[in-house]
Amino acid sequence: MESISIGLLGLGTVGSGVVQIIEKHQDKLMHQVGCPVVVKRVLVKDADKERAVKVDRNLLTLNPEDILNDADIDVVIEVMGGIEETRNHLKKALDNGKHVVTANKDLMAVYGPELLAAATQNGCDLFYEASVAGGIPILRGLVDGLASDRITKMMGIVNGTTNFILTKMSKNGSAYEEVLKEAQELGYAESDPTADVEGLDAARKMAILSTLGFSMNIDLDDVKVKGITDITEEDLQYGKQLGYTMKLIGIAHREGEKVEVSVQPTLLSESHPLASVQDEYNAVYVYGEAVGETMFYGPGAGSLPTATAVVSDLVGVMKNMRLGVNGKSAVAPQYDKKLKGADEIYSKYFLRLHVKDEVGTFANITSIFSEHHVSFEKILQLPLKEKGLAEIVLVTHQASLKDYEDILVSLRDLPAVQTIKSSYRVEGSARV
Ligand SMILES: NC(=O)C1=CN([C@@H]2O[C@H](COP(=O)(O)OP(=O)(O)OC[C@H]3O[C@@H](n4cnc5c(N)ncnc54)[C@H](OP(=O)(O)O)[C@@H]3O)[C@@H](O)[C@H]2O)C=CC1
Ligand SMILES: N[C@@H](CC=O)C(=O)O
Ligand code: NA
């Protein structure tokens, strides 16, 4: 091969990083694959836009066909985002025999199986390491590093924006809106940050992780999702008081043939290794039957960290090109999808209530829990400024999601309960 020609879809935060790494690490790329890597065309929306990296204007195009139909382009790198239009672009690239590297978890969570099948049919590679946990090589870690093991549980902080927000709110008492704006300015957030803060970005990544980790086609719709927009300062403070730290955690748990996949704000024991993951950093805690506990840690967002994963995938494609084995690495899921029911999902829960401070309130509340065979790890009752009201904060022992949801229904019907202020899943045991 004289050189490898790249067509780049997008030249934003990640695309700019890709160009920088290809330029600055050209010697390492050449040493590994035996030929230079050349960015031949770059798709953008606005050719006159100021950019983080200098690119010859003659390389820029507003027409994706200039890349998708260019016979000289070997690999399409997609870092433009979006779903439907981008799906069509990548399908066309694969049908035209071009290998694809993408960072697009929105796309892979919804159309991953379809595009992977198209890649195999066309003898092309489709790699997407950057789509989950940015620069952390978690997908290769699962597919290659832990290929011999059966994964039982994965717990991940897989969204850098929300981890950055929760870190600043918890450590500095910063205001949510102010920190979200800072995350956007730093290039961590999606173009529409709703995907970050409502948990959808993390859910997409958990769907991709679970599909690979459990070898089961987990769709985005299978992932129960809640974001961070309802978290209050009181919740953060009570969590700290009880020995927990608030994180947006993706949980994927397999018991026998059945799995549960969810994303929610979670009070995590301060002693859990994930509790130390700060700012835009991500981490995925993987439990395997044979390997035991492992943790993959690193920057989950940002231009160069994410671009590192993208260009590393490009090296993987180029190595396969040299060996003539492109399009052969995708392994179809081994197991039929079987999801746990609410009566099979167990966790501890944090609950904060405002109640009437009168005789019998506490007894009525605790009897609802005992009717569902749910006991308590910790309970606090404190008076409120509002006359005649008190605040009850409790952490349950392990309870099924079904029992806990039934308890919440009964509490809402109890006259003594004025408001259910907040409820969170709890992972790990707090300090005594
Ligand atoms: N930012 C991060 O830390 C991470 C991002 N990702 C993923 O990487 C992808 C890119 O993210 P990011 O770089 O942050 O996004 P940006 O918004 O910074 O960049 C998107 C780029 O794509 C171009 N583009 C977007 N839509 C079109 C279109 N319809 N036609 C032509 N060009 C288009 C834009 O052009 P123009 O510049 O002219 O506007 C821009 O150059 C996304 O899928 C994201 O989810 C994954 C991991 C981390
Ligand atoms: N917006 C995402 C970017 C990386 O996937 C995040 O905050 O993690
Ligand atoms: Na990754």
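Within each chain, residue numbers correspond to sequence positions counted from 1 in written order. Note on labels: chains are lettered from A, ligands numbered from 1, in written order. Given that this is a predicted model, residues contribute local features only at a pLDDT of at least 70 and side-chain atom pairs are listed and counted only at 80 or more, while totals for whole chains, interfaces and linings are drawn from all residues. Excluded from the side-chain calculations are hydrogens and water; all other atoms, namely the structure's heavy atoms, are used.

Participant: Explain the UniProt feature "binding site: NADP(+)" (unreviewed entry) in the protein chain here, please?
Facilitator: UniProt positions are given in the numbering used here, feature names are shortened, and annotations may be inferred rather than shown by experiment. Look at the UniProt record and you will see "binding site: NADP(+)" (unreviewed entry) annotated at L9, G10, L11, G12, T13, V14, G15 and S16. Excluding its chain neighbours within four sequence positions, the residues that come into contact with V14 are V79, S303, T306, A307 and V310. G15 sits in the buried class, given a relative accessible area of 0%. Whether two residues are in contact is decided by their heavy atoms: any pair within 4.5 Å suffices. In this structure G15 touches L8, G10 and V79, once residues within four positions along its chain are discounted. Partly exposed describes any residue whose relative accessible area lies between the buried limit of under 20% and the exposed limit of over 50%, with all areas from a 1.4 Å probe on protein chains only and scaled to the type maximum.

Participant: I tried to follow the nonpolar core on my own but got confused; where do I start?
Facilitator: Side chains of a nonpolar character, in soluble globular proteins, are inclined to be buried together. Buried residues of nine kinds, namely Ala, Val, Leu, Ile, Met, Phe, Trp, Tyr and Cys, make up a nonpolar core once their side-chain atoms join them within 4.5 Å. In this structure, I138, L209, V286 and F350 are the most contacted members of the largest nonpolar core, which totals 73 residues. The residues touching L209, leaving out its near neighbours within four places in the chain, are V132, I138, L139, L142, M154, V158 and V284. Membership of the second largest hydrophobic core comes to 34 residues, among which are C35, V53, V101 and A307.

Participant: Explanation requested: the site of ligand 1 in the structure shown.
Facilitator: Contacts to ligand 1 come from 24 residues, most closely from L11, V14, D46, R51 and G302. Definition of a polar contact: a pair of N or O atoms within 3.5 Å, with one able to donate and the other able to accept a hydrogen when the atoms are protein atoms, and with sequence-neighbouring residues admitted only if both atoms are side-chain atoms. For ligand 1, an oxygen atom lies 3.1 Å from a polar atom in the backbone of G12. At a separation of 3.1 Å, a nitrogen atom of ligand 1 approaches a polar backbone atom of G187. Residue burial considers only the protein chains on display, and all accessible areas are found by Shrake-Rupley using a 1.4 Å probe. Alone, ligand 1 offers 890 Å² of accessible surface; in the complex the protein occludes 85% of this. Grouping the constituent residues of the shell around ligand 1 by class yields 9 nonpolar, 8 polar and 7 charged. Whether a residue is near a molecule or strand depends on its heavy atoms: if one lies within 4 Å, it is near. Each residue gets one of three labels, nonpolar for Ala, Val, Leu, Ile, Met, Phe, Trp, Tyr, Cys and Pro, charged for Asp, Glu, Lys and Arg, and polar for the others, Gly among them.

Participant: Sorry, what's going on with the site of ligand 2 here?
Facilitator: Lining the immediate surroundings of ligand 2 are K105, N159, G160, T161, Y188, A189, E190, D196, D201, K205 and G300. In isolation ligand 2 has 250 Å² of accessible area, and contact with the protein removes 93% of it. Secondary structure is summarised from DSSP: a helix means a run of H or I of at least four residues, a strand means a run of E of at least two, and numbering begins at the N terminus for each. Elements that contribute at least two residues to the shell around ligand 2 include exactly α7 (160-172) and α10 (200-214). Split by residue class, the shell around ligand 2 holds 2 nonpolar, 4 polar and 5 charged.

Participant: In this structure, what is going on with the packing of helix α5 (residues 105-121) against α10? I would like to understand it.
Facilitator: Relative orientation and spacing of two packed helices are given, respectively, by the angle between their axes and the distance between those axes. For the pair α5 and α10, interaxial distance at closest approach is 9 Å and the crossing angle is 50°. Taken as axis vectors, α5 and α10 run oblique relative to one another. Handedness of the α5/α10 crossing: left-handed. For the pair α5 and α10, contact is made by K105, D106, M108 and A109 and by D201, R204, K205 and I208, respectively. Between the N-to-C directions of two axes lies an angle of 0 to 180 degrees, each axis being a line fitted to C-alpha atoms and, for a helix, fitted only over the stretch in contact. Between 65 and 115 degrees an angle is taken as roughly perpendicular, under 35 as roughly parallel, over 145 as roughly antiparallel, and anywhere else as oblique. Throughout, a crossing is termed right-handed when the near helix is turned clockwise from the far one, and left-handed when it is turned anticlockwise from it by less than a right angle.

Participant: Sorry, what's going on with the coordination of the sodium ion (ligand 3) here?
Facilitator: Angles at a metal have ideal values that depend on geometry: 109.5 degrees with four tetrahedral donors, 90 or 180 degrees with six octahedral donors. Around the sodium ion (ligand 3), the protein contributes the donor atoms E129 (O), E129 (OE), V132 (O), G134 (O) and I136 (O), at 2.3 to 2.9 Å from the metal centre. Any N, O or S atom lying within 2.8 Å of the metal counts as a donor, with the limit raised to 3.2 Å for Na, K and Ca; because water is left out of the atom set, some sites can appear incomplete. Of note, the sodium ion (ligand 3) draws all its donor residues from one chain, in the sequence arrangement E-x2-V-x1-G-x1-I. Neither E129 nor G134 differs from the other in exposure class; each is buried.

Participant: Just to check I follow, could you spell out the domain arrangement of the protein chain for this structure?
Facilitator: Many analyses report the size of an interface as the accessible area lost when the parts associate. Each domain of the protein chain was delimited in the assignment, giving domain 1 (4-131 + 303-323), domain 2 (138-299) and domain 3 (346-427). Between the C-alpha centres of domain 1 and domain 2 the distance comes to 27 Å. Here the buried area means the combined drop in accessible surface, using a 1.4 Å probe, for two parts upon being joined, counting both sides. The largest per-residue losses of area from domain 1 upon contact with domain 2 belong to K105, A109 and E129, which jointly make up 43% of the total buried on that side. Salt bridge criterion: a side-chain nitrogen from Lys or Arg within 4 Å of a carboxyl oxygen from Asp or Glu. For the pair domain 1 and domain 2, the interface holds 4 salt bridges. Here R204 makes a salt bridge to D106, at a shortest N to O gap of 3.3 Å. As annotated, the domain borders come from an automatic or database domain assignment.

Participant: Even after reading the chapter, I still don't get unusual backbone geometry, so can you show me in this structure?
Facilitator: Most of the time, phi is negative for any residue but glycine, and the peptide bond is trans. Backbone geometry places A133, a non-glycine residue, at a positive phi of 60°. Its place among the elements puts A133 in the loop between β6 (126-127) and α6 (138-145). With a phi angle near 60°, H373 is a residue other than glycine that sits in the positive phi range. Its place among the elements puts H373 in the loop between α13 (361-371) and β14 (376-383).

Participant: Any chance you could explain the sheet that holds strand β1 (residues 4-9) here in plain terms?
Facilitator: Two modes of strand pairing occur in sheets, parallel and antiparallel, and in both the strands are linked by backbone hydrogen bonds. Two strands pair under a simple rule: DSSP has to find at least two bridges between them. Ordered by their spatial adjacency, 6 strands build an open sheet running β3-β2-β1-β4-β5-β6, and the pairing between neighbours is parallel. Each edge of the open sheet carries a strand with a single partner, namely β3 (60-61) and β6. Across the sheet, helix α12 (residues 303-323) is in contact with β1, β2 (37-43), β4 (75-78), β5 (99-102) and β6; its angle to β5 comes to roughly 160°.

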